[in-house]
Amino acid sequence: MNKYLQDLIKLSKFDTAISMFEPKIENEKAKLATFVETAEEIKASINTLYLEVDDIKSKRTKNNIHLSELKSKLEDISKKNDNIHTEKELKALQLEEEIAKEQISFANEEITRLDALSESKEETLKDLQEKLTEEEESIKDIQVAVDNSIEEINKERNVVYQERSELLEKFDNKILTFYEKIKRWAKDSAVVPVKKQACYGCYMKINDKTYAEVIKSEEIVNCPHCGRILYKEDETEEA
Ligand SMILES: [Zn+2]
């Protein structure tokens, strides 16, 4: 095989490998992102619940204050009872007492309701906090795994970069320029194999004459349709 063609195939394979590293790293990071997102959602729910519990507690305090006011009102009423002279006064006082007692029982019901609500919210809060702890444990484990994978990927990438730069040290400048010109539009498919007599860049069938040249591999052959550099893959590689 033409030595330049051999170099071009190697270079193209390195470049393709290099392009694959970034998506691999992104993929690793994405694994973590889902867990972090879930943890953030749980944290938001916990904050909302805290606010709700605070609100319930302040309502309970207001009801308690109201309750003690009503109780002192009842005491006043019972004191007034001793100084009653007319039937009308008595009825008015009885009505006042009735209303105060109703308000007391309403305030007590409200306090019971608020306590039950607060209890159920606190329970949900506890569950969520447990869930958050679990999630944070998972995040720690995944973070370690992801960091390790990224480190491995970076090691592989460094090896490829090293091999690529070694290859470039003895690379023909004209051939390199030629390759980079095609790479500008063909990206990672500047050098492509021919399979079933078709260019694997544009998938067009190539004529017999060009195909014969590709098989001989004595020259650098471009696809007559798209201009990519063609090579015949080894039988073993193709298999
Ligand atoms: Zn082509």
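Residues numbered from 1 in each chain as written. Predicted model: local features only at pLDDT ≥ 70, side-chain atom pairs only at ≥ 80, totals over all residues. Heavy atoms only, no water.

### Here we look at the domain arrangement of the protein
Many authors give the size of an interface as the accessible area that is lost as the parts come together. The following threshold applies: The domain limits used here are those given by an automatic or database domain assignment. When two components associate, each loses some accessible surface as probed by a 1.4 Å sphere; the sum of these losses over both components is called the buried area. For salt bridges, the criterion is a side-chain nitrogen of Lys or Arg within 4 Å of an Asp or Glu carboxyl oxygen. In protein, a polar contact requires one atom able to donate a hydrogen and another able to accept it; more generally it is a pair of N or O atoms within 3.5 Å, and residues adjacent in sequence count only if both atoms are side-chain atoms. A run of H or I in DSSP becomes a helix once it reaches four residues, and a run of E becomes a strand once it reaches two; helices and strands are each numbered from the N terminus. Just so you know the grouping, Ala, Val, Leu, Ile, Met, Phe, Trp, Tyr, Cys and Pro go in nonpolar, Asp, Glu, Lys and Arg go in charged, and all remaining residues, Gly too, go in polar.
Looking at the protein, the domain boundaries give domain 1 (3-169) and domain 2 (173-238). Summed over both sides, the interface between domain 1 and domain 2 buries roughly 1,100 Å², with carbon and sulfur atoms accounting for 69% of that surface. For the pair domain 1 and domain 2, the interface holds 0 salt bridges. The tally of links between domain 1 and domain 2 comes to 2 residue pairs in polar contact (both at pLDDT 80 or more). The element that contributes the greatest number of residues to the side of domain 1 that touches domain 2 is helix α1 (residues 3-80), accounting for 10 residues. Across the side of domain 1 that touches domain 2, the residue classes break down as 6 nonpolar, 3 polar and 2 charged.

### Some details on the side chain of Arg157
What counts, and what does not: For this analysis, residues touch if any pair of their heavy atoms sits within 4.5 Å.
Tracing the backbone shows Arg157 in helix α2 (residues 87-169). Side chain to side chain, Arg157 and Asn154 meet in a polar contact 3.0 Å long. Ignoring anything within four residues of it in the chain, the contact list for Arg157 reads Phe21, Glu22 and Ile25.

### So, the UniProt feature "domain: C4-type zinc ribbon" (unreviewed entry) in the protein
The criterion, for reference: UniProt positions are given in the numbering used here, feature names are shortened, and annotations may be inferred rather than shown by experiment.
Look at the UniProt record and you will see "domain: C4-type zinc ribbon" (unreviewed entry) annotated at residues 198-230. Across residues 198-230 one finds 27% helix and 18% strand; the C-alpha atoms that close the span lie 10 Å apart.

### Structural notes on the packing of aromatic side chains
Remark: the centre distance and the inter-plane angle together describe each pair of aromatic rings, the angle taken between the planes. Inclusion rule: Side-chain rings of Phe, Tyr and Trp (the six-membered ring for Trp) are treated as a pair once their centres are within 6.5 Å; stacked means planes under 30 degrees apart, edge-to-face means over 60, and tilted covers the remaining angles. When accessible area is computed with a 1.4 Å probe and restricted to protein chains, residues below 20% of their type maximum are described as buried, those above 50% as exposed, and intermediate ones as partly exposed.
All chains considered together, the criterion is met by 1 aromatic pair. Between the aromatic rings of Tyr200 and Tyr203, the centroid separation amounts to 5.3 Å while the plane-to-plane angle is 65°, which identifies the pairing as edge-to-face. When its relative accessible area of 34% is taken as the criterion, Tyr200 is described as partly exposed. A relative accessible area of 58% means that Tyr203 is categorised as exposed.

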